[in-house]
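Secondary and tertiary structure notes
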Amino acid sequence: MLAMDADNLAIPRAQVTAGESEKYLTEFRIGRRHYTQQYNKLYYKRLETLKPFVQKHAQHKWEKHGHKQPIQLTQKVLNVEGPEPTYIIGSIFIDTPEKPSTLEQVEKTHWITDTEFAGKYRGPDDALYLEDESGRIRLVGKAIEGISVASGVIIAAMGSETANGDFDVVDICFAGMAPQPQRRFSTEDKYVALVSGFNATVESPVTLEMQLLAEYLAGTMGSEEDQRRSAQIVQTVVLGQIIEMPEPPLGHTEDAKVNDRKPVQQLLATVDAFLADIAGAMPLTLLPGKSDPADISMPQQPLHPSLFAHCKQYSGFRTATNPAYFEIDGTLVLASAGQNVDDLCHYAVRDETPCQLAARTLQWRHIAPSAPDTLWSYPFTEYDPFVVRNTPHVYVVGNQKKFDICVAEGTDGQTSQMIMVPGFKQSHSIVLLNLRTLECTQVHIGALATH
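Residues numbered from 1 in each chain as written. Predicted model: local features only at pLDDT ≥ 70, side-chain atom pairs only at ≥ 80, totals over all residues. Heavy atoms only, no water.

Looking up the protein in an unreviewed UniProt entry gives the name DNA polymerase delta small subunit Cdc1, with the organism given as Coemansia brasiliensis. Its UniProt record gives the protein the following Sequence similarities (unreviewed entry) comment, quoted word for word: "Belongs to the DNA polymerase delta/II small subunit family." (UniProt positions renumbered as here; feature names shortened; annotations may be inferred.)

A closer look at the overall build of the protein
Within the protein one finds nine helices and 16 strands. A burial count over the protein gives 52% of its 451 residues as buried. If you take every contact in the protein between residues at least 6 apart in sequence, the share linking residues at least 24 apart comes to 74%. For the protein, the accessible surface area stands at approximately 20700 Å², while carbon and sulfur atoms represent 49% of it. (Helix = DSSP H or I, 4+ residues; strand = E, 2+ residues; numbered from the N terminus. Buried < 20%, exposed > 50% of the residue type's maximum accessible area, 1.4 Å probe, protein only. Contact = heavy atoms within 4.5 Å. Areas by Shrake-Rupley, 256 points an atom, 1.4 Å probe, with all protein chains shown as cover.)

Quick word on the sheet that holds strand 15 (residues 429-434)
Across the sheet, six strands lie side by side as 9-8-7-6-15-16; this open sheet has mixed pairing. Each edge of the sheet is formed by a strand with only one pairing partner; in this case those strands are strand 9 (317-319) and strand 16 (440-444). If you compare each strand with its neighbour and ignore which way they point, the axes differ by 20° on average. Of the pairings in the sheet, the one linking strand 6 (residues 191-195) to strand 15 comprises four bridges and is antiparallel in character. Directly across from Val192, in strand 15, lies its bridge partner Leu433. In the packing of helix 4 (residues 224-231) onto the sheet, contacts are made with strand 6, strand 7 (233-239), strand 15 and strand 16, and the angle to strand 7 comes to roughly 80°. (Pairing = 2+ DSSP bridges. Axes fitted to C-alpha atoms, helices over the stretch in contact; angles between N-to-C directions.)

Examining the environment of Ile278
Inspection of the secondary structure assignment puts Ile278 in helix 5 (residues 262-279). Taking the C-alpha atoms as reference points, Ile278 and Ala218, separated by 60 residues in sequence, lie 6.4 Å from one another. Aside from chain neighbours lying at most four places away, what touches Ile278 is Ala214, Leu217, Thr236 and Leu284.

Some words on the side chain of Asp132
Note that Asp132 resides in strand 2 (residues 127-132). Only 3.0 Å separates the side chain of Asp132 from the backbone nitrogen of Val77, close enough to count as a polar contact. At a separation of 2.6 Å, a polar atom in the side chain of Asp132 contacts the side chain of Ser134. (Polar contact = N/O pair within 3.5 Å; in protein donor to acceptor, adjacent residues only side chain to side chain.)

So, the nonpolar core
Among the nonpolar cores identified, the biggest contains 38 residues, and Phe198, Leu213, Tyr216, Leu217, Phe274, Leu275 and Ile430 are the most heavily contacted of them. Of all the secondary structure elements, the ones that give two or more residues to this core are strand 6, helix 3 (208-218), strand 7, helix 5, strand 8 (284-287) and strand 15. Per element, the largest residue contribution to this core is nine residues, and it comes from helix 5. With 27 residues, the next largest nonpolar core counts Ile88, Leu130, Ala150 and Val153 among its residues. (Core = buried A, V, L, I, M, F, W, Y, C linked by side-chain atoms within 4.5 Å.)

Looking at empty space enclosed by the protein
Counting across every chain of the model gives one cavity of 30 Å³ or more. A volume near 30 Å³ is recorded for the largest cavity. The residue makeup of the lining of the largest cavity, split by class, is six nonpolar, no polar and one charged. (1 Å grid on protein atoms, 1.4 Å probe; cavity = no way out; pocket = protein on both sides within 12 Å on 5 of 7 lines; lining within 4 Å. Points joined across faces, edges and corners; volume = space filled by probe spheres on them. Nonpolar A, V, L, I, M, F, W, Y, C, P; charged D, E, K, R; others polar.)

Section: unusual backbone geometry
The linkage connecting Met298 with the following residue, Pro299, adopts the cis geometry, with an omega of -5°. Looking at the element boundaries, Pro299 is found in the loop between strand 8 and strand 9. Put simply, Ala371 and Pro372 share a cis peptide bond, and its omega is 5°. Inspection of the secondary structure puts Pro372 in the loop between helix 7 (354-364) and strand 12 (394-400). If you check the backbone angles, Asn199 has positive phi at about 50° while not being a glycine. Looking at where Asn199 falls in the secondary structure, it is placed in the loop between strand 6 and helix 3. Residue Asn199 is classed as buried on the basis of its relative accessible area, which comes to 8%. Despite not being glycine, His428 shows a phi value in the positive range, around 55°. Structurally, the position occupied by His428 is in the loop between helix 8 (424-427) and strand 15.

Details of the sheet that holds strand 2
The five strands lie next to each other as 1-2-3-5-4, forming a closed barrel whose pairing is mixed. Across the sheet, the mean angle from the axis of one strand to that of its neighbour is 55°, orientation sign disregarded. Inspection of the sheet shows strand 2 paired to strand 3 (residues 135-140) by five bridges, in the antiparallel sense. Residue pairing across strands places Leu130 opposite Ile137, the latter belonging to strand 3. This element, helix 1 (residues 40-63), spans strand 1 (86-95), strand 2, strand 4 (154-161) and strand 5 (167-173) of the sheet and lies at about 135° to strand 1.

Quick look at the packing of helix 3 against helix 5
Two quantities define a packed helix pair, namely the angle between the helix axes and the distance between the axes. Between helix 3 and helix 5, the least distance of the axes is 8 Å, while the angle of their chain directions is 20°. Considered as vectors, helix 3 and helix 5 are oriented roughly parallel to each other. Viewed along their axes, helix 3 and helix 5 form a crossing whose handedness is left-handed. In this structure, helix 3 uses Met210, Gln211, Leu213, Ala214 and Leu217 to contact helix 5, whose residues at the interface are Phe274, Asp277 and Ile278. Residues of the contact of helix 3 with helix 5, tallied by class, amount to six nonpolar, one polar and one charged. (Parallel < 35°, antiparallel > 145°, perpendicular 65-115°, else oblique. Left-handed = near helix turned anticlockwise from the far one by under 90°.)

Topic: the packing of helix 3 against helix 4
Axis separation between helix 3 and helix 4 bottoms out at 7 Å; the angle between their running directions is 75°. If you check the angle between helix 3 and helix 4, you find them roughly perpendicular. Judged by residue contacts, Tyr216, Leu217 and Ala218 of helix 3 engage Asp226, Arg229 and Ser230 from helix 4. The residue makeup of the contact of helix 3 with helix 4, split by class, is three nonpolar, one polar and two charged.

Okay, structure coming up:
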């Protein structure tokens, strides 16, 4: 590997404003973890937190505007009676036989693995319910048919009770986007390099494209224009799936050959040396992904710094949670390795892209509503960290099939840029985010070798 240092660049590297805010870095941190508590408290805390915002939107929509007779709230879903129009607030639960079962997986494999699920959770035998602390009621009607929602989304449903005790939905509304901090605009072009999915293996730890990437980011390859662009990159963020862990996991079997840790240790050491080439040139942030040596429950906690002996020698290197908030030069960024959006894709009933679904989560004011139903999560009891309390200026999702961007807009002027970052192993590309304009550019690293 090349030993690279930002001070040795022919073109001086741009710098972000000093005194960056670190207040968002602990948003998804968990202290001492234990799994003795029940998951139902997480749903109650989510409903308790989001119900006031959902009710505010519902009041504006149904009690004050658009109806000759204001529609009133029924406080508990089981208190709905008769055909009189009303609205109720609760958490969506989707009962469908298509959803995978963790218990069945353990019975078949004797261990839990995050295997790829190619199908859809939604199907013709779906049953949608709205539930709160009093119980649940089934939702029916054209307004709820064909809508892409996931279990755990908090909604207000307006309608009336049917003869058989269901709730005939006429209209729905969500919490809407959270308040957004004011963005401090950069006066010059500065870029953040976004990359995901190296998926380094024991057989192929560092590919030629990965080596070219390190040289490109350090400003030691490509045309003069490429080197000038590289000098404007102020930070690199790796959005998970850095390596591929073997299956079954280490320690699962007593077979000494299968349980040999040396190949994985060597893989991590090689990848650490590769990442150190980038960390020596600029600040580097690593998020864990589903294939990395981290706990699989969301939010994933930071990869242990001891895994990166070379990288941790640089002051700009840090490991973060997945998902994670951080602020770069006045721009609030929410980053995810992609598991939450991937899971939502299984709930989509229309041809919605992952980018559109990511934008929808900001409208729901919750980035991982399917946790813990179909997305493994830590059983929080005091709060739900996945509730969006500050709308980010940029929402970055890694390990996607292709590069995509879209914009989420709120009713109070909030604007958030969605960025889907493709896996590097398949695409051989990264995404550069301009902190001044929030415009994005996909850079194909393999093509640089021909410049």
